[in-house]
Amino acid sequence: MFDVIIAGCGPTGAVLAAELRLHDVRVLVLEKETEPVSFVRIVGLHIRSLELMAMRGLLERILERGRRRPAGAYFAGIDKPAPEGLDSAYAYLLGIPQPVIVHLLEEHAIELGAQVRRGCAVVALQQDADGVTVELADGKQLRTRYLVGCDGARSTVRKLLGVGFPGEPSRNDTLMGELEVGVPREEIAARMAGIRDTDKRWWLRPFGERIYSVVVPAAGVSDRAQPPTLEEFRQQLRAVAGTDFGVHSPRWLSRFGDATRLAERYRVGRVLLAGDAAHIHPPIGGQGLNLGVQDAFNLGWKLAAQIRGWVPETLLDTYQAERHPVAEDVLDNTRAQTELLCTEPGPKAVRRLLTELMDFDEVNRYLIEKITAIGVRYDFGAGPELLGRRLPDIDVKQGHLYGLLHRGRGLLLDRTERLTVGGWSDRVGYLADPTAALDVPCVLLRPDGHVAWIGDDQRDLDDHLYRWFGTPN
Ligand SMILES: Cc1cc2nc3c(=O)[nH]c(=O)nc-3n(C[C@H](O)[C@H](O)[C@H](O)COP(=O)(O)OP(=O)(O)OC[C@H]3O[C@@H](n4cnc5c(N)ncnc54)[C@H](O)[C@@H]3O)c2cc1C
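Residues numbered from 1 in each chain as written. Predicted model: local features only at pLDDT ≥ 70, side-chain atom pairs only at ≥ 80, totals over all residues. Heavy atoms only, no water.

(A) Looking closely at the site of the ligand. Contacts to the ligand come from 29 residues, most closely from Glu31, Arg41, Gln98, Leu289 and Asn290. Between an oxygen atom of the ligand and a side-chain N or O atom of Glu31, the distance comes to 2.6 Å. One of the backbone nitrogen or oxygen atoms of Gly44 is found 2.8 Å away from an oxygen atom of the ligand. Across the complex, the protein chains shield 85% of the 1000 Å² of accessible surface that the ligand would expose by itself. If you list the elements that add at least two residues to the shell around the ligand, you get α1 (11–21), β2 (27–31), β3 (42–45) and α8 (288–308). Of the residues contributing to the shell around the ligand, the split by class is 11 nonpolar, 12 polar and 6 charged. (Near = heavy atom within 4 Å. Polar contact = N/O pair within 3.5 Å; in protein donor to acceptor, adjacent residues only side chain to side chain. Areas by Shrake-Rupley, 256 points an atom, 1.4 Å probe, with all protein chains shown as cover. Helix = DSSP H or I, 4+ residues; strand = E, 2+ residues; numbered from the N terminus. Nonpolar A, V, L, I, M, F, W, Y, C, P; charged D, E, K, R; others polar.)

So, in structure tokens, the structure goes:
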């Protein structure tokens, strides 16, 4: 009997496993593939995800394997630098190959004690009052108290639950791959310079000696289980660029669509959904992996508290209440960005207008805070502006705030030095007189770094400790 089985060891599943292990939950991750994926898609980690990695002491090893880039120019690819003074110690984007980040996250989960079994596809599930029976493709059955489907866009767990996945089907497919080119680099640059000004949906980027990363719109929508052919790449390049650049010898070829869908529910009894299993959208703006990782940070400590029997059911339900609206917002912003990439006169005029508007600092800041998820504010009820937001990595007398959050516990920052976390001290740390950078008397932080309470009254604090961390010892 496991406490939690996670279906899928992508970025969402790996982070969730690590978060659960911080609370000694017995976790098994089942991954249907025997080997990690072979194709190397570079993904961007945005500010909030970098902050979360710093909060768990993971950022150093991730930075070593990625490349820092400026934080701006990600909203619909509109070429504007990020505004000055973004409120984060990690105000950049980290480009990193997806297999590398997944490997690092999986390694971290295993170091913390998670079990990962490869070549194990979940094919059926049955839940009752005490747990969930999970059936694998080879007929083997496993028993767990909770199951989380982190099994990607075509989630078997979501389908088995019968959870609706409404939204729009793919209207446009895009071909993506790594290929060798048959023409000199200068010729490619010159050809791209002219046409890319009017059509942002395709590119060739050098990726090592003679190898290029190639992205080009497909001729139509087709079954994504079938990889595209080299001939399709050639045809489509000729259609947009007037030449196929002599592409040949592909390392890998794939296609992706722009379907936009959101699961109706994130929880059915003892089974939950996270990451692409719960939401899909076009990759414009590079938010999907970030959104899944942030789901996992929201869910991990709540599920652990439920398993440890500390909290009432209602805490676990805040996972959907908090994360569903965030995903809705990401889906909407990708819909908007997709429109802004259209080559018809109307969308192009709107793009020009938005480009002008982004010269206003507030507009630029609003969009970047949205896409990097540092603007997320959960609804914890009425209160000061900071309530429900994440606290940046401020300097505290003991060093950096995030350096104190590696264990995944809550934290009380107490400038009054009068309050106490009492019977919650196994779940919540305490920091007296932390910093002058806080302009409020006391802040209670959740394990995901969001501000759960602001005040200076012990009784009020106790109510909130109970709300978020359950029964005291
Ligand atoms: C071209 C492109 C570029 C992108 N760029 C970015 C970017 O820059 N930034 C960003 O944030 N996102 C980006 N994304 C999106 C990102 O890749 C996904 O959102 C992310 O991989 C989702 O992670 P996940 O763990 O939820 O799901 P997945 O990565 O899909 O992982 C799911 C895992 O579950 C396994 N699995 C499936 N079914 C089962 C089963 N039945 N049993 C057991 N295991 C199973 C799969 O093998 C897989 O390992 C991009 C996507 C595309 C297509």
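(B) Layout of the side chain of Asp173. Relative to the helices and strands, Asp173 resides in the loop between β10 (167–168) and β11 (174–180). You can call Asp173 buried: its relative accessible area is 2%. Here the side chain of Asp173 touches Ser170 through a polar contact of 3.2 Å, side chain to side chain. (Buried < 20%, exposed > 50% of the residue type's maximum accessible area, 1.4 Å probe, protein only.)

(C) Fine view of the pairing of strand β9 (residues 141–149). Here 5 bridges tie strand β1 (residues 2–7) to β9, and the two strands are oriented parallel to one another. Paired with Phe2 across the two strands is Thr144, which belongs to β9. Bridge count between strand β8 (residues 132–136) and β9: 4 bridges; the pairing is antiparallel. Its bridge partner lying in β9, Val132 is registered against Thr144. (Pairing = 2+ DSSP bridges.)

(D) A look at the side chain of Ser49. With respect to the helices and strands, Ser49 occurs in helix α2 (residues 47–55). Polar side-chain contacts of Ser49 include one of 3.0 Å to the side chain of Gln294. Once residues within four sequence positions are removed from consideration, Ser49 is found in contact with Asn290 and Gln294. (Contact = heavy atoms within 4.5 Å.)

(E) Up close: the pattern of salt bridges. The final tally for this structure, using the stated rule, is 29 salt bridges. Across the salt bridge formed by Glu231 and Arg234, the nearest N and O atoms sit 3.8 Å from each other. Of the two residues, Glu231 and Arg234 are both situated in helix α7 (residues 230–241); the distance of 3 residues between them amounts to about one turn of the helix. For Glu231, a relative accessible area of 36% corresponds to the partly exposed category. Arg255 is the partner of Glu232 in a salt bridge, and the nearest nitrogen-oxygen pair spans 3.3 Å. With Glu232 in helix α7 and Arg255 in strand β14 (residues 248–256), the pair connects residues that are 23 residues apart, well separated along the chain. Linked by salt bridges that have partners in common, Glu231, Arg234, Arg238 and Asp244 make up one network. (Salt bridge = Lys/Arg side-chain N within 4 Å of Asp/Glu carboxyl O.)

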